[in-house]
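What follows is the residue order along each chain.
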Amino acid sequence: MPLPDTFLWGGGIAASQAEGAWREGGRGPAVSDISKYRPNADPKDYAAQHHVSLASIEEAMSDPDPTFYGKRRGIDFYHRYPEDLALFAEMGFTVLRVSIAWSRLYPTGEETEPNEEGVAFYLALFENMRVHGIQPLVTLAHYDAPLHLATTYNGWTDRRLIALFERFARTCFERFGHLVKLWLSFNEIDSVLRHPFTSGAIIEELVEGSLEQACYTALHHQLVASARITAMLRELHPDAKLGCMLTMLTTYPLTCHPDDVAATQAKDRLMYHSSDVQAGGEYSPLALRTLAQRGVTIPIEPGDLDILRENTVDFVSFSYYMSMTESVDPTVERTPGNTVFGVKNPYLPSTDWGWQIDPVGLRISLIALYDRYRKPLFIVENGVGMRDVLTDDRKVHDDYRIDYLRSHLAEMIVAVDEGVEMLGYACWSPIDTVSLSTSQMSKRYGFIYVDQDDEGRGSGERIRKDSFDWYRKVIASGGTDL
Ligand code: BGP
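Residues numbered from 1 in each chain as written. Predicted model: local features only at pLDDT ≥ 70, side-chain atom pairs only at ≥ 80, totals over all residues.

Here we take up the nonpolar core. If you look at the biggest cluster of nonpolar residues, it comprises 128 residues, and the most contacted ones within it are Ile 100, Val 316, Phe 318 and Leu 377. Excluding residues within four positions of it along the chain, Phe 318 makes contact with Met 245, Leu 246, Met 248, Leu 369, Ile 379 and Val 380. (Core = buried A, V, L, I, M, F, W, Y, C linked by C-beta atoms within 7 Å. Buried ≥ 20, exposed ≤ 12 C-beta atoms within 10 Å, placed from the backbone. Contact = placed C-beta atoms within 7 Å.)

Dropping the structure here:
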């Protein structure tokens, strides 16, 4: 059996998609509070869902009703977490990935002392996890920042956010470090390039110059912040580990035409742009040159390159839902994906949201990442969003989810057999939460069904799907019984 005994099994959620309680416990407004579900919008129209302006922020904040703002409501994990943790424990989880809402600890991001009610909430959560024998894997920034930092600083475009984030991270390490030994700095750190507001708290209207330049500036600030808190964690808790987290969008050329292969290679260069820094310690000179040719420069200040080189991560984590395809032919069919839009691969099936299912792509991704960085890997997101049906006898027969996960786990095991070193597997998401891209409930990922619809109607009851028993069996067998 190739998986090590120490291999961690579980799943992951994010504060902004699960906690709800957006105005409780002293929490300040967050960028996720603005994200609106539009009942008649095409769920595949990611750009329309995520376009934010000063006017839309004002409109959202003057509307206290959470009905169409799904992330304000989440799945009420804030109040129901003891029940949810008990269900995760029943499946045999040894790890649960959660995130900390920055605005629960620092409502505007600028306070000098943390909000103690927020600290108490996370302490109780981590204590409860300990009782269940579930190790927390904690993301500090998962599409979540105080809204004030967007409107006042234009988010991560402003270098001062590094210090504010360091203050937040220090509080987390000091107050939770005895219970949390596994940390991630930024979820899908590369994603600021694709959704500037959600990931970087950047309001396009406030950007002077090109948006692309603002996004790469923000990314550099996040990379420096991540390296600085890595140094901080090593000093405070030398036994803890910190990982990077990237969106793994493994890309194939649509054809073997050399132009398609070259376009794919160029795309890869930028996909690894941030992990090359976080895991490898330096910007790829080729990526920097490509950006320079596009008129983008990285605002490197004295000392930045040393900080980045000296504080690489302990492990590399990533999300994997689908692969991508590239072609130079502008007429080929396109399809939406995980916050991206790409060329359709004719060999792969798609979900209702256009995401193409590719288990072998997971193996290819694992091998590519391990080959490149030689650091242990952690799959911290993998799963399939579907419209589940609750039957009259309150069951959910989600064989499609079992098939998706089984085929991906089988490929993960092949990769481990081929020599890839792995720390664990945390699927997305073990319980239905509000979708990141659509703010809908009806795009469901969980082993646990949450009785709640897109507009928040329902009892909130948790119901075990068929996949619940399947995953319990997988964990109990250490991955041998898929
Ligand atoms: C990733 C995010 C998650 C998650 C997932 C599924 O990019 O890190 O937060 O939600 O995608 O996406 P969605 O919810 O849009 O289906």
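After presenting the structure, the write-up continues.
Next up on the list: the confidence of the model for the chain. Note that predicted coordinates carrying low pLDDT should not be read in detail. Averaged over all residues, the pLDDT of the chain is 95; the fraction at 70 or higher stands at 97%. With pTM at 0.96, the complex prediction returns an ipTM value of 0.98. (pLDDT = per-residue confidence, 0-100.)

Relative to the helices and strands, Val 343 resides in strand E10 (residues 341-343). Placed 336 residues apart in sequence, Val 343 and Phe 7 show a C-alpha to C-alpha distance of 35 Å. Setting aside chain neighbours within four positions, we find Val 343 in contact with Leu 254, Thr 325, Glu 326, Ser 327, Val 332 and Arg 334. (Helix = DSSP H or I, 4+ residues; strand = E, 2+ residues; numbered from the N terminus.)

Strands sit in the order E1-E2-E3-E4-E5-E7-E11-E12 around a closed barrel of 8 strands; the barrel is parallel. Within the sheet, the average angular offset between the axes of one strand and its neighbour, ignoring direction, is 25 degrees. Summarising the sheet, strand E1 (residues 8-12) and strand E2 (residues 95-99) pair through 3 bridges and their orientation is parallel. Counterpart to Gly 11 in the pairing with E2 is Leu 96. Relative to the sheet, helix H11 (residues 211-236) contacts strand E4 (182-186) and strand E5 (241-247), its axis offset from that of E4 by approximately 155 degrees. (Pairing = 2+ DSSP bridges. Axes fitted to C-alpha atoms, helices over the stretch in contact; angles between N-to-C directions.)

With respect to burial, strand E12 (residues 422-428) is a largely interior element, 7 of its 7 residues being buried. Sheet topology places E1 next to E12; 5 bridges connect them, and they run parallel. The partner of Trp 9 across the bridge, within E12, is Tyr 425. Of the strand pairs in this sheet, strand E11 (residues 377-381) and E12 are connected by 3 bridges, and their pairing is parallel.

Apart from glycine, the bulk of residues carry a negative phi angle, and the bulk of peptide bonds sit in the trans form. Cis geometry marks the peptide bond from Trp 428 to Ser 429, where omega comes out at -25 degrees. Looking at where Ser 429 falls in the secondary structure, it is placed in the loop between E12 and strand E13 (448-450). Unusually for a residue other than glycine, Ala 21 sits at a positive phi of about 45 degrees. Secondary-structure assignment places Ala 21 in the loop between helix H1 (15-18) and helix H2 (46-50). Taking the C-beta count within 10 Å as the criterion, Ala 21 has 18 such neighbours and is therefore assigned partly exposed.

Here the focus is helix H13 (residues 273-280). The element H13 is extensively covered by neighbouring structure, given that 6 of its 8 residues are classed as buried. For H13, the complete set of buried residues consists of His 273, Ser 274, Ser 275, Val 277, Gln 278 and Ala 279. Where H13 ends, the next residue or the one after it, Gly 281, has phi of about 90 degrees, a positive value.

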